[in-house]
Amino acid sequence: MGRDPKVWEDPMEFKSERFLTRGDGMPQAFDLTGSREIKMMPFGAGRRICPGLALALLQLQYFVANLIREFEWTVKDGEEVDLSEKQYTILIMMKNRLRTHISPRRV
Ligand code: HEM
């Protein structure tokens, strides 16, 4: 389903913006709860859907926001961000590792 062009536009392209909200609070292209549609279900769907969904989403957002707020992230000297991908069993991974230098914003 995740690679079906009838479900997702350019399914094989990394487009994080497809997950942005429209600005009116409504999700743009997907619904994780399975109540409106089923396009993507990292938390399952239906009666046995993950009861920790809301907590998990909140925690992840908070975790990433804190990593960005607390640390300056730079690519290692001489390297560039390369978003090429490779298939590894059922996972899609970065073809070339992203090596970063992380330093505290506040000392
Ligand atoms: C990124 C984080 C998480 C992911 C991707 C995830 C994913 C899932 C998935 C796929 C299921 C199976 C749903 C099904 O059978 O259809 C599940 C079940 C469950 N999850 Fe999560 N989960 C996450 C975090 C959490 C958290 C934070 C909690 C609790 C605080 C939690 C509690 C549970 C429980 C109790 C079930 C069993 C529900 C049942 O069988 O009725 N999960 N989760």
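Being a predicted model, the structure only gives us computed values, none of them experimental.

**Things to note about the UniProt feature "binding site: heme" (unreviewed entry) in the protein chain**
Okay, step 1: Taking the UniProt record as the reference, the feature "binding site: heme" (unreviewed entry) is found at Cys50.
Okay, step 2: Along the chain, the position of cysteine 50 falls in the segment before helix H1 (53-70).

**Brief notes about the site of the ligand**
Okay, step 1: Surrounding the ligand, one finds Pro42, Phe43, Gly44, Ala45, Arg48, Cys50, Pro51, Gly52, Leu55, Ala56 and Leu60.
Okay, step 2: Arginine 48 has a polar side-chain atom sitting 2.6 Å from an oxygen atom of the ligand.
Okay, step 3: Its residues assigned to classes, the shell around the ligand comprises eight nonpolar, two polar and one charged.

**Some words on the pattern of salt bridges**
Okay, step 1: One pass over the structure, following the stated rule, counts six salt bridges.
Okay, step 2: Among the salt bridges present, the one from lysine 15 reaches glutamate 9, with a minimum N-O distance of 3.8 Å.
Okay, step 3: In this structure glutamate 9 comes out as exposed when scored by relative accessible area, which is 60%.
Okay, step 4: Across the pair glutamate 70 and arginine 69 runs a salt bridge whose closest N-O atoms are separated by 3.0 Å.
Okay, step 5: In this structure, a network of salt bridges that share partners links the residues Glu9, Asp10 and Lys15.

**Considerations on the layout of surface pockets**
Okay, step 1: By volume, the largest pocket amounts to about 580 Å³.
Okay, step 2: Considering the residues around the largest pocket, the lining is formed by 17 residues, among which Pro11, Phe14, Arg18, Phe19 and Met40 are closest to the centre.
Okay, step 3: Residues belonging to the lining of the largest pocket are distributed by class as follows: nine nonpolar, two polar and six charged.

**A look at the packing of aromatic side chains**
Okay, step 1: Following the criterion strictly, the structure yields zero aromatic pairs and no others.
Okay, step 2: Positioned above the aromatic ring of tryptophan 8 is the side chain of lysine 39, whose terminal nitrogen or guanidinium carbon lies 4.5 Å from the ring centre.

**A word on a nonpolar patch on the surface**
Okay, step 1: A cluster of nonpolar side chains, namely Phe14, Val81, Leu83, Met94 and Leu98, defines an oily patch on the protein surface of about 480 Å² accessible area.
Okay, step 2: Of note, phenylalanine 14 is situated in the segment before H1.

**Side note on unusual backbone geometry**
Okay, step 1: We note that aspartate 10 has phi near 45°; this positive angle belongs to a residue other than glycine.
Okay, step 2: Positive phi outside glycine occurs at threonine 89, with the angle close to 45°.
Okay, step 3: With respect to the element layout, threonine 89 can be found in the loop between strand E2 (85-88) and strand E3 (91-94).
Okay, step 4: Residue threonine 89 is classed as exposed on the basis of its relative accessible area, which comes to 60%.

Rules behind the numbers
- Residues numbered from 1 in each chain as written.
- Predicted model: local features only at pLDDT ≥ 70, side-chain atom pairs only at ≥ 80, totals over all residues.
- Heavy atoms only, no water.
- UniProt positions renumbered as here; feature names shortened; annotations may be inferred.
- Helix = DSSP H or I, 4+ residues; strand = E, 2+ residues; numbered from the N terminus.
- Near = heavy atom within 4 Å.
- Polar contact = N/O pair within 3.5 Å; in protein donor to acceptor, adjacent residues only side chain to side chain.
- Nonpolar A, V, L, I, M, F, W, Y, C, P; charged D, E, K, R; others polar.
- Salt bridge = Lys/Arg side-chain N within 4 Å of Asp/Glu carboxyl O.
- Buried < 20%, exposed > 50% of the residue type's maximum accessible area, 1.4 Å probe, protein only.
- 1 Å grid on protein atoms, 1.4 Å probe; cavity = no way out; pocket = protein on both sides within 12 Å on 5 of 7 lines; lining within 4 Å.
- Points joined across faces, edges and corners; volume = space filled by probe spheres on them.
- Phe/Tyr/Trp six-rings, centres within 6.5 Å; stacked < 30°, edge-to-face > 60°.
- Lys NZ or Arg CZ within 6 Å of the ring centre and 35° of its normal.
- Patch = residues over 30% accessible without salt bridge, like charges linked within 9 Å, V, L, I, M, F, W, Y side chains within 5 Å.
- Areas by Shrake-Rupley, 256 points an atom, 1.4 Å probe, with all protein chains shown as cover.

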